[in-house]
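# Coordinate analysis (summary)
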Amino acid sequence: MKKSLIILFVMILIALGCQTKEEQGDTMKFQEDLEFLKKHTDVILLSDEEGQAQVVISAGKQGRVLTSTASGGYGMSFGWVNYDLITSGEQNSHFNPFGGEDRFWLGPEGGQFSIYFEKGNPFKLDYWHVPLEFDWESWKIVDKSKSFVEFEKEMTLTNYSGFNFHLKVNRNIELLDKEDVAKEINLDEALNIPSVAFKSENMITNMGDQAWEKNTGLLSIWILGMFRPSPQTTIIIPFKQGPIEKLGPIVNDEYFGKVPEDRLTIKDGNIYFKGDGKQRSKIGVPPNRCLYIAGSYNEKDQVLTIIKMSPPEGPDHYPYVNSLWEIQKDPYGGDVINAYNDGPPEPGKEPMGPFYELESSSPGAQLDPGESITHCHTTFHFKGDETDLDKITQELFKVTLEEIKSVF
């Protein structure tokens, strides 16, 4: 009997050792990701004084935040990191999904002003290419300290209609302290919950000699965060309530085909969307409905993730670029917040991750030569007792954790 138990125990250990990093789920510790990344890319580590809140960033990976922790090296690693792609060193001509909780992109993705499709090509995956400047190339470090780093990158891009953009990107990433976190979410109780938060301030400047105008296409700053999915992860996005006749649709769920009702629902002023990495789907919240905040709750690991973005300053209406993969009737009928759930792009094909994403976009940048636009995107992770996390969801989303957990 004892011999059989020993053999069974050894077999379990072997099986666990053969699991991929994604399959190990919450066994992935921050120190594991950090040691791996140090072997395969440059690493910039931001840390608080106690070494509990830490953030990993890479200039070689386009100045992206790769992952973070709220509890030091042995704490959970919150970002999704693509071990296979990073280890291979191979370049994909379409997209290199290295992972990361905050990466810089530019919109629009589809349509007549897209910078991801060449003129005349159909809007299909085989013809979609992410510009190398923010998909593969290294970015220059301008300045750094223990709690922040600033990057710079110049690039020239041509859209589907043939207009050339010459621009400079300045990107500043800052680790927030606990007092800043409590102020940002307006809740002093957050001081007592293990957390990590970081803000990316992203500015683009028109370095060319032509104005960027709506009739030739605009660019938007687009920040995307990739996170580890689980069957118990629910994305939650509050929206501005009001009649459709006045404010328009609540959610856009037509990006990759209509999302089934068992994966997307609207209830009590919130949009709920599955973040399980099982079905490729995407949703968006238009400007008339946007409250500039979104989040997700991973019940299995008791992790509450929140993103907040800076609302635009000035007039009430801005053009938001449309990223639908088609020639568009309204190229400025786009969304402010997006959420993406990865999965097989078609039957028989493997998903890119899997992962899920929380995303935010600036308005389209109508800039004269020398002018700039800035977009700030802040990411928070809280990991703790549900009693404590419940206070945050009630403050920010006006619902309890139990209500979130019971949606799907």
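Preceding this paragraph is the structure being described.
Here goes a summary of the coordinates provided.

Conventions adopted
- Residues numbered from 1 in each chain as written.
- Predicted model: local features only at pLDDT ≥ 70, side-chain atom pairs only at ≥ 80, totals over all residues.
- Heavy atoms only, no water.
- Helix = DSSP H or I, 4+ residues; strand = E, 2+ residues; numbered from the N terminus.
- Rg over C-alpha atoms; globule rule 2.2 N^0.38 Å.
- Buried < 20%, exposed > 50% of the residue type's maximum accessible area, 1.4 Å probe, protein only.
- Contact = heavy atoms within 4.5 Å.
- Areas by Shrake-Rupley, 256 points an atom, 1.4 Å probe, with all protein chains shown as cover.
- Lys, Arg positive; Asp, Glu negative; His and termini not counted.
- Charge placed at Lys NZ, Arg CZ, Asp CG, Glu CD.
- Pairing = 2+ DSSP bridges.
- Axes fitted to C-alpha atoms, helices over the stretch in contact; angles between N-to-C directions.
- Salt bridge = Lys/Arg side-chain N within 4 Å of Asp/Glu carboxyl O.
- 1 Å grid on protein atoms, 1.4 Å probe; cavity = no way out; pocket = protein on both sides within 12 Å on 5 of 7 lines; lining within 4 Å.
- Points joined across faces, edges and corners; volume = space filled by probe spheres on them.
- Nonpolar A, V, L, I, M, F, W, Y, C, P; charged D, E, K, R; others polar.
- Arc of directions from axis to C-beta.
- Polar contact = N/O pair within 3.5 Å; in protein donor to acceptor, adjacent residues only side chain to side chain.
- Core = buried A, V, L, I, M, F, W, Y, C linked by side-chain atoms within 4.5 Å.

Moving on to the overall build of the protein. Scanning the protein from N- to C-terminus turns up eight helices and 18 strands. For the protein, the C-alpha radius of gyration of 21 Å lies close to 22 Å, the compact-globule estimate for 408 residues. With respect to the principal axes defined by its C-alpha atoms, the protein has extents near 75 × 50 × 50 Å. Sorting the 408 residues of the protein into buried and exposed places 54% on the buried side. Considering only contacts within the protein whose residues lie at least 6 apart along the sequence, 69% involve residues at least 24 apart. Surface summary for the protein: the accessible area is close to 18,200 Å², and the carbon and sulfur share equals 50%. The distance from the centre of the 40 positive side-chain charges to the centre of the 62 negative ones in the protein is 4 Å.

We now examine the sheet that holds strand β4 (residues 103-107). Strand pairing within a sheet occurs via backbone hydrogen bonds; the two strands may be parallel or antiparallel. Reading across the sheet, the five strands line up as β4-β9-β17-β16-β13 and stay open at both edges, with antiparallel pairing between neighbours. Bordering the open sheet on either side are β4 and β13 (281-285), each of which pairs with just one other strand. Pairwise comparison of adjacent strand axes, ignoring direction, gives a mean angle of 25 degrees for this sheet. By the bridge criterion, five bridges tie β4 to strand β9 (residues 220-227) in an arrangement that is antiparallel. For Gly 107, the partnering residue across the bridge sits in β9 and is Ser 220.

We now examine the pattern of salt bridges. Applying the stated rule across the entire model yields 14 salt bridges. The shortest N-O distance in the salt bridge between Lys 153 and Glu 137 comes to 2.8 Å. Here the residue Lys 153 occupies a position in strand β6 (residues 148-158), and Glu 137 occupies one in the loop between β4 and β5 (140-144), the gap between them amounting to 16 residues. In this structure Lys 153 comes out as buried when scored by relative accessible area, which is 13%. A salt bridge links Glu 184 to Lys 308; the nearest nitrogen and oxygen atoms lie 3.9 Å apart. Here Glu 184, found in helix α5 (residues 178-185), pairs with Lys 308, found in strand β15 (residues 303-309); they are 124 residues apart in sequence, far enough to count as distant. According to the relative accessible area criterion, Glu 184 is partly exposed, its value standing at 26%. It is possible to trace a salt-bridge network through shared partners that takes in Glu 109, Lys 282 and Glu 359.

Further remarks concern the sheet that holds strand β2 (residues 54-58). The three strands are arranged β1-β2-β3 in an open sheet whose pairing can be described as antiparallel. Strand pairing shows two members of the sheet lacking a second neighbour, β1 (44-47) and β3 (64-69), which therefore form its edges. Strand-to-strand twist in this sheet, taken as the mean axis angle between neighbours without regard to direction, amounts to 20 degrees. Taken together, the four bridges between β1 and β2 define a ladder with antiparallel strand orientation. Across the sheet, Leu 46 pairs through a bridge with Val 55, a residue of β2. Seen against the sheet, helix α3 (residues 30-40) touches β1, β2 and β3 and runs at an angle of roughly 145 degrees to β3.

This brings us to the layout of surface pockets. The computed volume of the largest pocket comes to approximately 860 Å³. Residue lining of the largest pocket: 34 residues in total, with Phe 95, Leu 125, Trp 128, Pro 345 and Met 352 positioned closest to the centre. Among the elements of the structure, β4, β9 and β17 (356-361) are those that each provide at least two residues to the lining of the largest pocket. Each residue belonging to the lining of the largest pocket can be placed in one class, and the counts come to 17 nonpolar, five polar and 12 charged.

For an α-helix, 3.6 residues make a turn, and residues three or four places apart therefore share a direction. Those residues of α5 that sit buried are Val 181, Ala 182 and Ile 185. Seen along its axis, α5 keeps its buried residues to an arc of 95 degrees; they face one direction. Tucked into the core, α5 has its buried residues touching β8 (195-206), β18 (372-383) and α7 (386-397). For α5, the N-terminal capping position is held by Asp 177, with its side-chain oxygen 3.2 Å away from the main-chain nitrogen of Glu 179. Once α5 finishes, Asn 186 follows within two positions and takes phi at roughly 60 degrees, a positive value.

Core analysis: the biggest nonpolar cluster contains 55 residues, and Leu 106, Phe 134, Leu 167, Ile 204 and Trp 212 have the highest contact counts within it. Counting only elements with at least two residues in this core, the list comes to β1, β2, β4, β6, β7 (164-175), β8 and β9. In this structure Leu 106 touches Ile 115, Tyr 116, Phe 134, Met 155, Leu 157, Leu 167, Ile 204, Leu 219, Ser 220, Ile 221 and Trp 222, once residues within four positions along its chain are discounted.

Gly 107 connects to Pro 108 through a cis peptide bond whose omega is 10 degrees. Note that Pro 108 resides in the loop between β4 and β5. A cis amide bond, omega 10 degrees, links Gly 353 with the succeeding residue Pro 354. Of note in the backbone geometry, Tyr 292 takes a positive phi value of approximately 65 degrees without being a glycine.

By secondary structure assignment, the location of Asn 96 is in the loop between α4 (83-88) and β4. A polar contact is formed between the side chain of Asn 96 and the backbone nitrogen of Asn 92, at a distance of 2.8 Å.

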